[in-house]
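# Chains, contacts and geometry: an overview
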Amino acid sequence: MAEKNLNIPFLSLKDITALHRDELMQAVGRVAESGWYLQSDENKAFQTEFAHYCNKQHCVTCANGLDALTLMLRAYKERGQLHDGDEVLVPANTYIATILAVSANGLVPVLVEPEAETLVLDALEMERHISVRTRALLLVHLYGRNAYNDRIGRLCREHSLLLLVDAAQAHGIPNADADCVAYSFYPGKNLGAFGDAGAVVTDDDDVAAVVRTLANYGSNEKYVFEYKGMNSRMDEINAAVLRVKLPYLDEENDRRRTIAASYYDNIHNSLISLPRRLADADCVYHLFPILCRERDVLQAYLKDKGIGTLIHYPIPPHRQQAYAEWSDLSLPVTEMIAECELSLPLSPALGDREVRYVTDALNEFRA
Ligand SMILES: *Cc1c(COP(=O)(O)O)cnc(C)c1O
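All figures in this text were calculated on a predicted structure; none of them were measured in a lab. (Residues numbered from 1 in each chain as written. Predicted model: local features only at pLDDT ≥ 70, side-chain atom pairs only at ≥ 80, totals over all residues. Heavy atoms only, no water.)

## Thoughts on the pairing of strand 5 (residues 162–166)
Buried residues dominate strand 5, accounting for five of its five residues. Taken together, the five bridges between strand 4 (residues 134–140) and strand 5 define a ladder with parallel strand orientation. Across the sheet, residue Ala136 finds its bridge partner in strand 5, namely Leu162. In the classification by handedness, the crossover that spans strand 4, the intervening helix 7 (residues 150–158) and the parallel strand 5 is right-handed. Strand direction decides the pairing type here: strand 5 and strand 6 (residues 180–184), joined by three bridges, are parallel. Each residue of the ladder has a partner; that of Leu164, found in strand 6, is Cys180. (Buried < 20%, exposed > 50% of the residue type's maximum accessible area, 1.4 Å probe, protein only. Helix = DSSP H or I, 4+ residues; strand = E, 2+ residues; numbered from the N terminus. Pairing = 2+ DSSP bridges. Right-handed = clockwise from strand over helix to strand, strands pointing away.)

## What to know about helix 5 (residues 96–104)
Among the residues of helix 5, those classed as buried are Ala97, Thr98, Ile99, Ala101 and Val102. Once helix 5 ends, the next one or two residues include Gly106, with phi positive near 70 degrees.

## Considerations on the nonpolar core
In terms of nonpolar packing, the biggest core is built from 50 residues, with Phe46, Phe50, Met126, Leu137 and Phe185 touching the most fellow members. For this core, the element with the highest residue contribution is helix 3 (residues 41–54), accounting for four residues. Three or more residues apiece are contributed to this core by two domains, here domain 1 (17–112 + 120–246) and domain 2 (248–364). Once you skip the residues sitting within four places of it in the chain, Leu137 turns out to touch Leu89, Leu121, Met126, Ile152, Cys156, Leu161, Leu162, Leu163 and Leu164. With 36 residues, the next largest nonpolar core counts Ala68, Leu111, Cys180 and Tyr227 among its residues. (Core = buried A, V, L, I, M, F, W, Y, C linked by side-chain atoms within 4.5 Å. Domains from an automatic or database assignment. Contact = heavy atoms within 4.5 Å.)

## Quick word on the domain arrangement of the protein
Partitioning the protein into structural domains gives domain 1 (17–112 + 120–246) and domain 2 (248–364). The centre of domain 1, based on its C-alpha atoms, is set 25 Å off from the matching centre of domain 2. Taken together, the contact between domain 1 and domain 2 spans 31 residues of the former and 32 residues of the latter. Here domain 1 and domain 2 share an interface that buries about 2,700 Å² over both sides, 59% of which is from carbon and sulfur atoms. The three residues of domain 1 that bury the most area against domain 2 are Tyr143, Arg145 and Asn190, which together make up 29% of that side's buried surface. For the pair domain 1 and domain 2, the number of links is zero salt bridges. For the pair domain 1 and domain 2, the interface holds 20 residue pairs in polar contact (both at pLDDT 80 or more). Put simply, the parts of the chain that give the side of domain 1 that touches domain 2 at least two residues each are helix 5, strand 3 (108–112) and helix 9 (236–245). When residues in the side of domain 1 that touches domain 2 are grouped by element, the largest group, four residues, is from helix 5. Residues of the side of domain 1 that touches domain 2, tallied by class, amount to 16 nonpolar, 11 polar and four charged. (Buried area = accessible area lost by both parts, 1.4 Å probe. Salt bridge = Lys/Arg side-chain N within 4 Å of Asp/Glu carboxyl O. Polar contact = N/O pair within 3.5 Å; in protein donor to acceptor, adjacent residues only side chain to side chain. Nonpolar A, V, L, I, M, F, W, Y, C, P; charged D, E, K, R; others polar.)

## Some thoughts on the packing of aromatic side chains
Across all of its chains, the model carries 12 aromatic pairs by this definition. Summarising the aromatic geometry, the rings of Phe50 and Tyr183 are spaced 4.9 Å apart at their centres and angled 85 degrees between planes, so their arrangement reads as edge-to-face. Placement of Phe50 in helix 3 and of Tyr183 in strand 6 is noted, with a sequence separation of 133 residues between them. For the pair Phe50 and Tyr183, one class covers both residues: buried. Ring geometry for Tyr263 versus Phe288: centroids 5.0 Å apart, planes at 50 degrees, classification tilted. (Phe/Tyr/Trp six-rings, centres within 6.5 Å; stacked < 30°, edge-to-face > 60°.)

## Section: a nonpolar patch on the surface
Judged by side-chain polarity, Tyr217, Tyr223 and Phe225 come together as a nonpolar surface patch covering roughly 410 Å² of accessible area. Along the polypeptide, Tyr223 turns up in the loop between helix 8 (205–215) and helix 9. For Tyr223, a relative accessible area of 67% translates into the label exposed. (Patch = residues over 30% accessible without salt bridge, like charges linked within 9 Å, V, L, I, M, F, W, Y side chains within 5 Å. Areas by Shrake-Rupley, 256 points an atom, 1.4 Å probe, with all protein chains shown as cover.)

## A short note on the pattern of salt bridges
Side chains that differ in charge, positive against negative, can pair when their charged atoms come close. In total, this model carries 18 salt bridges according to the counting rule given. A salt bridge links Arg257 to Asp254; its shortest N-O distance comes to 2.9 Å. Here Arg257 pairs with Asp254, and both are found in helix 10 (residues 249–266), just three residues apart, close to one helical turn. With relative accessibility at 14%, the residue Arg257 sits in the buried group. Judged by relative accessible area, which is 41%, Asp254 ranks as partly exposed. The salt bridge involving Arg319 is made with Glu335; its shortest N-O contact spans 3.3 Å.

## Focus on the side chain of Asn43
You can see Asn43 is positioned in helix 3. Of note is the side chain of Asn43, whose polar atom sits 2.8 Å from the side chain of Thr61. Within the structure, the side chain of Asn43 is placed 2.8 Å from the side chain of Glu236, a separation counted as a polar contact. Not counting residues up to four positions away in its chain, the partners in contact with Asn43 are Thr61, Met234, Asp235, Glu236 and Ala239.

## Section: the environment of Phe50
Judged by relative accessible area, Phe50 falls into the buried class, the value being 0%. With 18 residues separating them in the primary sequence, Phe50 and Ala32 have C-alpha atoms 22 Å apart. Those residues in contact with Phe50 that lie beyond four places of it in its chain are Cys59, His171, Tyr183, Phe185, Leu191, Val201 and Leu246.

Written out as structure tokens, the structure is:
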């Protein structure tokens, strides 16, 4: 019968840090004592190591995920492959950062509905939104779910669209066909720093060079400025932290998969539906989203049992004041997700007992 109340926060960064405590403290100490806090050996080494992990030629570190997205798009503009007013397709249910990066570059975000079963971009919907002005797809592996498929690849090739990826929630998903990929290392991501950090990853020598220059005030020779650039750097401390954590990423993603498999196998409640289960290679379970018509009641019920949950995301971009120009848009799938989505606790620091407790609570839920 019902176990005594456990207290399960949605995500405990403290517990995640504790998994590699000694190595992390050593790395932080090493940087503190080195006297080199920016643009030095830790960043150089992490760029090499993360590019290798992603199976790409280049990794350029920067200050955060939004900057990575913004710098990536800006590089294509500086190279003349994107122009003011060009349309960029984005999933309508993404986190706002994806869309902000498009707007910030004078490009036009075009919202594409996701598939209700997978919660990621719908290729048929994508095709419907391709116009003569469409130049790029900015795909998002939301929740850690691989959004790429052959059909999307074919559409990009047929219409000569750049295939760009927001992989902020998807460290470990391969992006073999992508032109360029942006990452966030925000503390709560699968690979998280001690603060803000991000990176752009690509096989294109020139895109990498332009991103690097843009992120360094537009300069790649001291006091000579090629572009109106920005200051977007990853701290050496964070590069050192990420170097400690990167070798554990695959096993931590596997732990996430094991927990997700347990949720999939054991959650049985007609009031709750789960997104389509993907092959392990196609999902790193940054989040574990479930859908429930009585979502707010369910969230309060779980809170009462000591279980923390979050909603990703309660207000979709087209309903935000920041994008008032979209207030008349109707995007039923995106709106359904905003009304019904709830993310369960899932992290490499979560134990089997906790997973069982969450599962039991869900199975006992009655509206
Ligand atoms: C976290 C996130 C970002 C932004 O990353 P920051 O490092 O917080 O700027 C962008 N896109 C998605 C999908 C994210 O989840």
